[in-house]
Amino acid sequence: MRSSNLFALAASVSTSLAVYQGFNYGPTNSDGSFKYQADYENEFKTAKSLVGTSGFSSARLYTMIVC
């Protein structure tokens, strides 16, 4: 196996073994109003203080477009 193939294989294995723990956040508040930076900051602070979240390292922001 050529070294470039071996390197590519090693890189893909290490990437596939990566584990991310975090929270999902949407673009709106529970009343339907859009979130602003301060809203996300408050949610992040709340999530950080929850029991069992010490290993969480990411947040995913999502939205859905309905036509």
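Not measured: the values here are computed from a predicted model.

Asks: What should I look at first to understand the overall build of the protein in this one?
Replies: Of the regular secondary structure elements, the protein holds 2 helices and 2 strands. Taken across its 67 residues, the protein has 9% of its residues classed as buried. Pairs at least 24 residues apart make up 56% of the contacts formed inside the protein by residues separated by at least 6 positions. Of the roughly 6000 Å² of accessible surface on the protein, 60% is carried by carbon and sulfur atoms.

Asks: I would appreciate a short explanation of the pattern of salt bridges in the present structure.
Replies: Opposite charge on two side chains permits pairing when their charged atoms draw close. Summed over the entire model, instances satisfying the criterion amount to 1 salt bridge. A salt bridge links glutamate 43 to lysine 35, with the nearest nitrogen and oxygen atoms 2.8 Å apart. On the basis of relative accessible area, glutamate 43 is assigned to the partly exposed category, the value being 24%. Residue lysine 35 is classed as buried on the basis of its relative accessible area, which comes to 12%.

Asks: It is not clear to me how the side chain of lysine 35 should be interpreted in this structure. Could you clarify?
Replies: Within the element layout of this structure, lysine 35 appears in the loop between β1 (22–25) and α2 (37–48). At 3.2 Å, the side chain of lysine 35 and the backbone oxygen of glycine 26 are in polar contact. Ignoring any residue separated from it by four or fewer positions in sequence, one finds lysine 35 in contact with Gly26, Pro27, Thr28, Asn29, Tyr40 and Glu43.

Definitions and cut-offs
- Residue positions are given per chain, counted from 1 along the sequence in the order it is written.
- Predicted model: local features are reported for residues with pLDDT of at least 70 only, side-chain atom pairs are reported and counted for 80 or more only, and whole-chain, interface and lining totals are derived from all residues.
- Hydrogens and water are ignored here; the side-chain numbers use all heavy atoms of the structure.
- Strands are runs of DSSP state E lasting at least 2 residues, helices are runs of H or I lasting at least 4, and numbering of each runs from the N terminus.
- Buried, partly exposed and exposed residues are distinguished by accessible area as a fraction of the type maximum, computed with a 1.4 Å probe on protein chains only: under 20%, between the cut-offs, and over 50%, respectively.
- The criterion used for residue contact is that any of the two residues' heavy atoms lie within 4.5 Å.
- Only the protein chains shown count as covering a residue, and every accessible area follows the Shrake-Rupley method with a 1.4 Å probe.
- Between Lys or Arg on one side and Asp or Glu on the other, a salt bridge is scored when a side-chain nitrogen of the former is within 4 Å of a carboxyl oxygen of the latter.
- Polar contacts, as used here, are pairs of N or O atoms within 3.5 Å; protein pairs need one atom able to donate a hydrogen and one able to accept it. Residues neighboring in sequence count only if both atoms are side-chain atoms.

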